[in-house]
Amino acid sequence: MFGVALLSASAVSALAGVLFAVLVWQANQILIDDVLAGIEREAGGLVALSVREGDAAVARRLEDQQRANSAGLYHLSENGAYRAGSLRTVPGELLAAGGRGLFSFTSEAEPAPRLAAGRIETLAGGGILVVARDIENQRRLGSRLRWLAVAGFALIGLAAAGSGLVVARRVLRRVEEMAATSRAIMAGDLARRLPAAGSDDELDRLAHSLNLMLDRIDELMTGMREVSDNIAHDLKTPLNRLRNRAETALREATSPQDLRLALGETIEAADAIIKTFNALLLIARLESGAVEDTKDVIDAGALVASVVELYAPVAEDEGQSLVLSAERSATVRANPHLLAQAVANLIDNALKYARARLPVETHAAAVTASGTPARSQPIVVEVGRAGGRVCIAVADRGPGIPASERQHALTRFGRLERSRSTPGTGLGLNLVAAVARLHEGRLRLEDNAPGLRAVLELPAVDPVAPVGAE
């Protein structure tokens, strides 16, 4: 980081140095060009005067300008003899430069050498004319500008280096804080989070993103611990029952029929355990996003209708009914098999717990004289659009779930204590929630007053036009 700051300071200083050099050179060039243009205009005027009125007129003009304390420097000679002007002789430096250039001179008022720029002209009468300007002040100004450029270059370099070091130290301090927090997290303190300065800069946004990742990791780790605990709690009993049934069959079975019955019960228990593990594997697969390539645009209403049709006989057998209300154009981009599984889980959950609301004696008397199960209030399945979302809702009139326990019901093996005696794995709603997350949606549990209303929300998409449609 220090090297980056030093490199940045060097680049800024170099750029400032080039800029100052260009500015000084341009300013000095402008001053020189202005002086040379003035000399050229005046020399041209004096030559023209010589042509019109002769060299004597030029001599008079120079004497008038000298008496007026002109800033110009002049020399006029005829046949090698001085005639007029403040310069007593033709400057040798001008002669050596071909009649145009810079030369040094001294004056009575200031014996120190001064710098001048001038040119030599030959008049119409044969006289030699020198027209020059004192540029000592411009030279001193240029020298001062160069020193100011050097000083500014140094100050900018120091300021850039200082600010770079300050920024580098600040950034390094924050990076070190993040590194220390990361080491603490790797040491096992998963509750720690990367600090943010509150400035909403790049490091703050990085810390926020990493903290969200850490929250998700912590959530997954907590879920793993809960899964381990719940597997031990919810699978230990059926495994013990499976083993006890096998031992009982070996010990008490006296006929092939008894053994066949015991084996059938054992297979049913094993199937229930396998179903639980299959659900766990499916949830893990969903959370890994491994089915992204299997999504397609489907009609959610038609898919839900097929699931309702499949479960209608089951509901009839249990003395319940399913009522479907589906809107058209409720299309989503989803995996049809997973979405159907999610809807089936919601309906199965509603059938299970809606029936559980009735008292035991009502169950016993729930069959009419004709042998048909008595009807309870129907389970309503709805499919509709709300803004840019498709909502699939399953509402029952069962005991419902208290608001304080709804979030727990969505976790793996998240079964309420009063439902421990009800058959199930506690994975149904968790699988639906995983399907919702896979499709960028969510699962909401609401009060149906009485009962539970489970709402699966998915992003709506425009239906795909058939091939060849106008």
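Residues numbered from 1 in each chain as written. Predicted model: local features only at pLDDT ≥ 70, side-chain atom pairs only at ≥ 80, totals over all residues. Heavy atoms only, no water.

Observations concerning empty space enclosed by the protein
In the structure shown here, the tally under the stated rule is 1 cavity of 30 Å³ or more. In this structure, the largest cavity spans a volume of roughly 50 Å³. Surrounding the largest cavity, L346, N349, A350, V394, D396, L429, L452 and A454 form its lining. The dominant element in the lining of the largest cavity, judged by the number of residues it contributes, is helix α8 (residues 336–355), at 3 residues. For the lining of the largest cavity, the per-class residue count stands at 6 nonpolar, 1 polar and 1 charged. (1 Å grid on protein atoms, 1.4 Å probe; cavity = no way out; pocket = protein on both sides within 12 Å on 5 of 7 lines; lining within 4 Å. Points joined across faces, edges and corners; volume = space filled by probe spheres on them. Helix = DSSP H or I, 4+ residues; strand = E, 2+ residues; numbered from the N terminus. Nonpolar A, V, L, I, M, F, W, Y, C, P; charged D, E, K, R; others polar.)

Structural notes on the environment of R183
Along the chain, R183 falls in helix α4 (residues 136–186). Polar contacts involving the side chain of R183 include one to the side chain of E176, which spans 3.0 Å. (Polar contact = N/O pair within 3.5 Å; in protein donor to acceptor, adjacent residues only side chain to side chain.)

A few points about the nonpolar core
Note on soluble globular proteins: their nonpolar side chains tend to be buried together. Residues L339, I347, L443 and L456 are the most contacted members of the largest nonpolar core, which totals 45 residues. Broken down by element, the residue count for this core peaks at 10 residues, all from α8. Residues contacting I347, with those up to four places away along its chain left out, are V307, V308, Y311, L322, V381 and V394. Formed by 18 residues, the second largest nonpolar core is a distinct cluster that contains V35, A57, L62 and A84. (Core = buried A, V, L, I, M, F, W, Y, C linked by side-chain atoms within 4.5 Å. Buried < 20%, exposed > 50% of the residue type's maximum accessible area, 1.4 Å probe, protein only. Contact = heavy atoms within 4.5 Å.)

Here's the deal with the sheet that holds strand β3 (residues 100–105)
The strand order across the open sheet formed by 5 strands is β2-β1-β5-β4-β3, and the pairing between neighbours is antiparallel. For this open sheet the edge positions go to β2 (81–84) and β3, each flanked by a neighbour on one side alone. Along the sheet, successive strands turn relative to each other by an average axial angle of 35°, direction set aside. Of the strand pairs in this sheet, strand β1 (residues 72–78) and strand β5 (residues 128–134) are connected by 6 bridges, and their pairing is antiparallel. Pairing of G72 across the sheet is with R133, part of β5. Strand contacts of helix α2 (residues 55–67): β1, β2 and β5, with the helix running at about 150° to β1, the strand carrying the most contacts. Strands in contact with α4 are β4 (114–122) and β5; relative to β4, the strand with the most contacts, it is inclined by about 135°. (Pairing = 2+ DSSP bridges. Axes fitted to C-alpha atoms, helices over the stretch in contact; angles between N-to-C directions.)

Some thoughts on α2
Helix length check: α2, at 13 residues, gives a terminal C-alpha distance of 19 Å against a target of 18 Å (1.5 Å per residue), a fit within 8%. Among the residues of α2, those classed as buried are D55, A57, V58, A59, L62 and Q65. (Expected span 1.5 Å × (residues − 1).)

Structural notes on the pattern of salt bridges
Here the structure, examined in full by the defined rule, presents 18 salt bridges. We note a salt bridge from E42 to R133, for which the minimum N-O separation is 2.2 Å. One end of the pair, E42, is in helix α1 (residues 2–53); the other, R133, is in strand β5, with 91 residues separating them in the sequence. Classification of E42 by relative accessible area gives buried; the value is 15%. For the salt bridge of R119 with E121, the shortest nitrogen-to-oxygen distance reads 2.9 Å. Of the two residues, R119 and E121, neither departs from the other in class, the shared state being buried. One network of salt bridges, with partners in common, ties together E382, R389, R442, R444, E446, R453 and E457. (Salt bridge = Lys/Arg side-chain N within 4 Å of Asp/Glu carboxyl O.)

Re the side chain of N211
Along the chain, the position of N211 falls in helix α5 (residues 202–252). Beyond its immediate sequence surroundings of up to four residues, N211 is in contact with R193 and L194.

Describing α4
Think of an α-helix as turning once every 3.6 residues; residues three or four places apart then point the same way. Here α4 contains 51 residues, and its C-alpha end-to-end distance of 73 Å stays within 8% of the 75 Å for a straight helix at 1.5 Å per residue. Backbone geometry just after α4 places G188 at a positive phi near 120°.

Re the packing of aromatic side chains
Applying the stated criterion across every chain yields a total of 1 aromatic pair. An angle of 55° between the planes, with centres 6.4 Å apart, marks the rings of F103 and F105 as tilted. Against the face of Y82 rests R88, its NZ or CZ located 4.0 Å from the ring centre. (Phe/Tyr/Trp six-rings, centres within 6.5 Å; stacked < 30°, edge-to-face > 60°. Lys NZ or Arg CZ within 6 Å of the ring centre and 35° of its normal.)

Focus: the pairing of strand β9 (residues 379–386)
Two strands pair when backbone bridges link them, and strand β7 (residues 322–326) and β9 are joined in this way by 5 bridges, in the parallel orientation. Across the sheet, the residue bridging to S325 is E382, located in β9. Where β9 lies against strand β10 (residues 389–395), 7 bridges are found, and the strand directions are antiparallel. Bridge pairing links V383 to I392 in β10. Here β9 hands over to β10 after 2 residues, with G387 in that stretch at a positive phi of 70°.

Quick notes on the sheet that holds β10
In sheet architecture, strand pairing relies on hydrogen bonds along the backbone and comes in two forms, parallel and antiparallel. The strand order across the open sheet built from 5 strands is β7-β9-β10-β12-β11, with neighbouring strands paired in mixed fashion. Lying at the two open borders of the sheet, with one neighbouring strand each, are β7 and β11 (442–447). Geometrically, the sheet is characterised by an average inter-axis angle of 15° between neighbouring strands, direction not taken into account. Taken strand by strand, helix α7 (residues 300–317) contacts β7, β9 and β10, and its axis lies near 175° from that of β7.

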